[in-house]
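Observations on the three-dimensional arrangement
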Amino acid sequence: MNFLRGVMGGQPAGPQPTGAETIHKLCDRVASSTLLEDRRDAVRALKSLSKKYRGEVGTQAMEHLIHILQTDRSDSEIIGYALDTLYNIISNDGEEEEQEESSHKQSDDLGTQFTEIFIKDQENVTLLLSLLEEFDFHVRWPGVKLLTALLKNQCPQVQGVILVSPMGVSRLMDLLADSREVIRNDGLLLLQQLTKGNAAIQKIVAFENAFERLLDIITEEGNSDGGIVVEDCLLLLQHLLKNNSSNQNFFKEGSYIQRMKPWFEVGDDNSGWSAQKVTNLHLMLQLVRVMVSPVNSPGATSSCQKSMYQCGLLQQLCTILMATGVPADILTETINTVSEVIRGSQVNQDYFASVNAPSNPPRPAIVVLLMSMVNERQPFVLRCAVLYCFQCFLYKNQKGQGEIVATLLPSTIDANSISAGQLLCGGLFSTDSLSNWCAAVALAHALQDNLTQKEQLLRVQLATSLGNPPVSLLQQCTNILSQGSKVQTRVGLLMLLCTWISNCPIAVTHFLHNQANIPFLTGQISENLGEDERLVQGLCALLLGICIYYNDNSLENYTKEKLKQLIEKRIGKENFVEKLGFVNKHELYSRAAQKPQPTFSSPEQMLFDHEFTKLVKELEVVITKTVHKSSEEEKKEEEVKKTLEQHDSIVTQYKELIREQDTQINELKEQVSSLKAQNEQMQATAAQQLSQIQQHKDQYNVLKLKLGKDSQQLGAPAEGTHVNGLQSEELGRLREEVDDLRKQQDLLQAQLSEKDALIDSLKSGAASPMEGSSGSSAENSVDLLKELEALRSQVQSQAAEISQLQAQRQELLKRVESPSEQAKSSSESRVGLEQQLATANSTVAILQNEKAKLQQEVAESKKEQDDLLMLLADQDQKILYLKSRLKELGESIEDEDDLDARDQLEDEDEDDDDDEEEEDADED
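Residues numbered from 1 in each chain as written. Predicted model: local features only at pLDDT ≥ 70, side-chain atom pairs only at ≥ 80, totals over all residues. Heavy atoms only, no water.

A tally of helices and strands in the protein chain yields 41 helices and four strands. Going through the 924 residues of the protein chain one by one, you find that 43% of them count as buried. Surface summary for the protein chain: the accessible area is close to 50,100 Å², and the carbon and sulfur share equals 50%. (Helix = DSSP H or I, 4+ residues; strand = E, 2+ residues; numbered from the N terminus. Buried < 20%, exposed > 50% of the residue type's maximum accessible area, 1.4 Å probe, protein only. Areas by Shrake-Rupley, 256 points an atom, 1.4 Å probe, with all protein chains shown as cover.)

In the structure shown here, the tally under the stated rule is 22 salt bridges. As a salt-bridge pair, Arg 44 and Asp 41 come within 2.8 Å of each other at their nearest N and O atoms. Here Arg 44 and its partner Asp 41 are both found in helix α3 (residues 36-49), three residues apart, which amounts to about one turn of the helix. Using a relative accessible area of 33% as the deciding quantity, one classes Arg 44 as partly exposed. When its relative accessible area of 16% is taken as the criterion, Asp 41 is described as buried. One salt bridge connects Arg 73 with Glu 134, and the closest N-O pair in it is separated by 3.7 Å. With Arg 73 in the loop between α4 (54-71) and α5 (76-90) and Glu 134 in the loop between α7 (122-131) and α8 (137-153), the pair connects residues that are 61 residues apart, well separated along the chain. Judged by relative accessible area, Glu 134 falls into the partly exposed class, the value being 34%. Via salt bridges that share partners, Arg 40, Asp 41, Arg 44, Asp 75 and Glu 77 belong to a single interconnected network. (Salt bridge = Lys/Arg side-chain N within 4 Å of Asp/Glu carboxyl O.)

A positive phi angle, near 55°, is found at Asp 449, a position not held by glycine. Note that Asp 449 resides in the loop between α25 (433-447) and α26 (451-457). Positioned with a positive phi, Asn 553 is a non-glycine residue whose angle comes to about 60°. Within the secondary structure, Asn 553 sits in the loop between α31 (534-549) and α32 (560-571).

Formed by 203 residues in total, the largest nonpolar core has its most connected members in Leu 147, Ile 162, Leu 172, Trp 263, Phe 264, Phe 352 and Trp 500. With 12 residues, the top contributor of residues to this core is helix α22 (residues 380-394). The contact partners of Ile 162, leaving out residues within four places of it in the chain, are Val 125, Leu 129, Leu 147, Leu 151, Gly 168, Val 169, Leu 172 and Leu 194. (Core = buried A, V, L, I, M, F, W, Y, C linked by side-chain atoms within 4.5 Å. Contact = heavy atoms within 4.5 Å.)

In this model helix α19 (residues 328-342) runs 21 Å from its N-terminal to its C-terminal C-alpha over 15 residues, within 8% of the 21 Å that 1.5 Å per residue would give. The element α19 is extensively covered by neighbouring structure, given that 12 of its 15 residues are classed as buried. Regarding α19, the residues found buried are Ile 330, Thr 332, Glu 333, Thr 334, Ile 335, Asn 336, Thr 337, Val 338, Ser 339, Glu 340, Val 341 and Ile 342. Its buried side turned inward, α19 meets α16 (275-291), α17 (298-310), α18 (313-322), α20 (346-354), α21 (365-373) and α22. (Expected span 1.5 Å × (residues − 1).)

With that out of the way, let us pick up the packing of aromatic side chains. Applying the stated criterion across every chain yields a total of 12 aromatic pairs. Look at Phe 137 and Trp 141: their rings are 5.4 Å apart centre to centre, the planes differ by 25°, and that puts the pair in the stacked class. Pair noted here: Phe 137 and Trp 141 are both in helix α8, with a separation of four residues, about one helical turn. On the basis of relative accessible area, Trp 141 is assigned to the partly exposed category, the value being 26%. Feature note: the residues Phe 207, Phe 211, Phe 250, Phe 251 and Tyr 256 constitute an aromatic cluster, connected by ring pairs. The ring of Phe 135 has Arg 180 sitting right over it, with the charged end atom 3.9 Å from the ring centre. (Phe/Tyr/Trp six-rings, centres within 6.5 Å; stacked < 30°, edge-to-face > 60°. Lys NZ or Arg CZ within 6 Å of the ring centre and 35° of its normal.)

Taken together, Glu 857, Glu 860, Glu 864, Asp 866 and Asp 867 make up a surface patch of like negative charges. Tracing the chain through its elements places Asp 866 in helix α40 (residues 826-889). (Patch = residues over 30% accessible without salt bridge, like charges linked within 9 Å, V, L, I, M, F, W, Y side chains within 5 Å. Lys, Arg positive; Asp, Glu negative; His and termini not counted. Charge placed at Lys NZ, Arg CZ, Asp CG, Glu CD.)

Turning our attention to the environment of Ile 183. Tracing the backbone shows Ile 183 in helix α11 (residues 181-194). Ile 183 sits in the buried class, given a relative accessible area of 0%. Counting along the chain gives 41 residues from Ile 183 to Pro 142, while the straight-line C-alpha distance between them is 9.3 Å. In this view, Ile 183 contacts Phe 137, Arg 140, Trp 141, Leu 175 and Asp 178; residues no more than four positions away in its chain are not counted.

Considered as a void within the structure, the second largest pocket measures approximately 490 Å³ in volume. In terms of lining residues, the second largest pocket is bounded by 27 residues, among which Gln 401, Gln 448, Asp 449, Asn 450 and Glu 611 are the most central. The set of elements that each furnish at least two residues to the lining of the second largest pocket consists of α22, α23 (398-406), α26 and α35 (610-628). Residue contributions to the lining of the second largest pocket peak at six residues, all from α35. By residue class, the composition of the lining of the second largest pocket is nine nonpolar, 11 polar and seven charged. (1 Å grid on protein atoms, 1.4 Å probe; cavity = no way out; pocket = protein on both sides within 12 Å on 5 of 7 lines; lining within 4 Å. Points joined across faces, edges and corners; volume = space filled by probe spheres on them. Nonpolar A, V, L, I, M, F, W, Y, C, P; charged D, E, K, R; others polar.)

Note that Ser 435 resides in helix α25. Owing to a relative accessible area of 1%, Ser 435 belongs among the buried residues under this scheme. Once residues lying within four places of it in the same chain are set aside, the contact partners of Ser 435 are Met 373, Val 374, Arg 383, Gly 427 and Ser 430.

Below, the discussion takes up the packing of helix α27 (residues 473-482) against helix α28 (residues 487-501). Closest axis-to-axis distance for the α27/α28 pair is 10 Å, and the angle between their directions is 145°. In this structure, the crossing between α27 and α28 has a hand that is left-handed. For the pair formed by α27 and α28, the contact residues are Leu 473, Leu 474, Cys 477, Thr 478, Ile 480 and Leu 481 on the first element and Arg 490, Leu 493, Leu 494, Leu 496, Leu 497 and Trp 500 on the second. (Axes fitted to C-alpha atoms, helices over the stretch in contact; angles between N-to-C directions. Left-handed = near helix turned anticlockwise from the far one by under 90°.)

The next point concerns the state of the cysteines. Applying the stated criterion across every chain, the model contains zero disulfides. A disulfide-free cysteine, Cys 498 has its sulfur positioned 8.4 Å from the sulfur of Cys 540, the nearest such atom. Owing to a relative accessible area of 0%, Cys 498 belongs among the buried residues under this scheme. Of the cysteine sulfurs around Cys 547, a residue in no disulfide, the closest is that of Cys 498, at 8.4 Å. You can call Cys 547 buried: its relative accessible area is 0%. (Disulfide = S-S within 2.5 Å.)

A separate point is the environment of Asn 551. Counting through the fold element by element, Asn 551 comes out in the loop between α31 and α32. Distance from Asn 551 to Leu 512, taken between C-alpha atoms, is 9.4 Å for residues 39 residues apart in sequence. Filtering out sequence-adjacent residues up to four positions away, Asn 551 remains in contact with Val 508, Leu 512, Tyr 558, Thr 559, Lys 560 and Leu 563. At a separation of 2.7 Å, a polar atom in the side chain of Asn 551 contacts the main-chain amide nitrogen of Asn 553. A polar contact is formed between the side chain of Asn 551 and the backbone oxygen of Tyr 558, at a distance of 2.6 Å. (Polar contact = N/O pair within 3.5 Å; in protein donor to acceptor, adjacent residues only side chain to side chain.)

This next bit is on the confidence of the model for the protein chain. The pLDDT averaged across the protein chain works out to 80; a share of 77% of its residues lies at or above 70. The model gives residues 95-103 a pLDDT under 50, and that stretch makes four contacts with residues more than four places away or in other chains. Confidence over residues 714-726 falls short of pLDDT 50; this stretch has nine contacts with residues more than four positions distant or in other chains. (pLDDT = per-residue confidence, 0-100.)

A few words on a nonpolar patch on the surface. A cluster of nonpolar side chains, contributed by Ile 650, Tyr 654, Leu 657 and Ile 658, occupies part of the molecular surface with about 380 Å² of accessible area. Looking at the element boundaries, Tyr 654 is found in helix α36 (residues 631-712).

Quick look at the side chain of Gln 154 now. Position of Gln 154 relative to the elements: it lies in the loop between α8 and α9 (155-164). When residues no more than four places from it in sequence are discounted, the contact partners of Gln 154 are Thr 112, Thr 115, Glu 116 and Ile 119.

Geometry of a packed helix pair, given as the angle between the helix axes and the separation of the axes. Running from N to C, α25 and α28 cross one another at 10°; their axes reach a closest spacing of 8 Å. Relative to α28, the element α25 lies roughly parallel. Residues Ser 433, Leu 434, Asn 436, Trp 437, Ala 440, Val 441, Leu 443, Ala 444 and Leu 447 of α25 form the contact with α28, whose own contacting residues are Gln 488, Thr 489, Val 491, Gly 492, Leu 493, Met 495, Leu 496, Thr 499 and Trp 500. Taken together, the residues of the contact of α25 with α28 break down into 12 nonpolar, six polar and no charged. (Parallel < 35°, antiparallel > 145°, perpendicular 65-115°, else oblique.)

Okay, structure coming up:
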């Protein structure tokens, strides 16, 4: 301890040791001391010297400190000192602010060198990750800071080690759940460094539930009103989502977009925004833009735009857009965010068109934004943002393009209100060159890929001054172009004209109809102007080339051939192509071609539009080929085009024929399939029938074989048992046939009883009506009864035959049940049985035929009885009618009761006569 006192603050008698000597002695003390307390004191001393003597401590003590981390893990205090010492020698954040730049750079190099030494052995990083599992504050916090410093100095190498370390990322994610805010906040900084530029780690962190934890922290901290922790969470979210389609899709599918809406809830009182709130809201808007950036895949962007509209996030952003008191940079970023949320989404674009500003009277948000764009007093970045918003509103939005152009047409102009078209025209012809350029580009986007609106815009007429006739918008643009205004104004007008007349032969004809336009263009191209004018020359060459390429030869003086001859004589083909190449060689052209948003550091740099660069790239090659082609080559090409058109028509006809044939083939295939099914069904039926036939043949062969053996070996006692076995099968079959006959007999008896009941009912029904009928009716009834008696006798005879068959059946059964007798005369009994069976079958068939005839006769007799009843009913009516007439005429008529009594007496007399006749017959 005396040694330490001498090092730290005592006044030793001898000379003072240097810092390097002191560090060397402390390192020896760390390496050689057996007592933990001595090592701890030595490491504490190294920590105190590590900031001032960074190089010496790092060079001499790093190995000993790493050994301490490996061997003394049970003592959290010495581990904490060692981690702090390593952090001081590796980190570059602790340097003095007044340090010179060269010294600071040297310090950065020193930290990088020590980092390389530390991570050279990957086990050191793994050891550090395992120490982060310790909950002790004195171990965990310095471990987080050390790992963050390592990532800052050698990020890719440390990321690689952590990526291959088992559960490495999961251990770091646990830091966000630490209850101690300082560790949680430093854990956020660590994860920011860890996720930089490494998509694999970003995916792992995202699937470790990072989105849920970060959004919870933002909510707990107060959303946009939170402090620096909210800013750190938002930066980490940007690292996880930017240029990572997998995480973006996971964020959207996890319904985390809906949780972003509360971030943008801004009250009515927007005064006094803190700097931290502005920063937080700026990062939140950037995070929304990450999800809908034009560089993302179209499908992912479209789905995110849809989710933002459905959850109300777009509506919330539009509320901020129209609110008052919002800081300028937040308003600018909100406009850019709304631009990308609506870009290419028809639903979102329609909603944005319906948004009104809270003014009196209410004005559309688009009109309010355009007023800011053409106002030269507005900030430059704000005007650029409004232009970008207008471009995104019209991107792939033909409906919106039509609405903007319609505000310029004479039939829709409203003098009492300001429209978008009026603002664009005002900006197009104002004295501010930036307003000219912005208005020209905005109007060009209203015509982009829309032939209808290009033709409609030709109808626009402008009143220049009193007493002068109105001129067209196209003519006014060329007039301003020829007056020699600023370069920015001319570039904007030339971009508008090129977009307008490209792929629109009618607009080309209108442009060529002005006799001064072609001479102006050729004069501009042929002159040798300064460096600033080269871009204008290139755009004039592009405009002239469009007039050639899309020329329909409707004007005799300006056909394709004459314009090419004019170029060859006045300019020269090679010179023309060289001037045309000035456009894409300009430094600002490549910058504008990178992304749709116009980002310029100063107004003078606003020369190119992103969509126009696509048009130049598309037209430059075809215009060059068109200028170099001769008239003969063009004629050949036209002939080839005609041939191709004819070929296309022939191909179209053949396609239609092929479609018809395909339809017929499909129908025939369906028919074939149905026929195949029917064929398979028939084949199955035929196979089943063949199998049945084969079974019958087998049975026939067995019977035939059995009969042959019976006839040949009738007296052989050894084979008698086999014969009886074969006969048992035959007897079983005979029993079945006898049972069938029995069932048929029962059925016939049932039918016979039904017929008897029917005959009795006919008798009882025919007795009463016949008494009051006429003589002819009685005779018919008697005949009918006779026929029924005949039928009954016939049925009785059939019943007798059936009883006879039953007796035969009983005899057959007895014969079947005596196998010993049949064994003696098997052949004869079999023949007899077969004959009797055939007789029985024929008898049954005859009986069935007779039964059918009887049923038909019974039906006919029933019909005749019904007719007879109808006749009797008619006769009763006639009798009643005649009786009533006789009463009316005064004739005396016997009552029905007297008639009944008389009839009864007559019946009794007849009965007496019958009895006497029977007695006489008995006596005889």
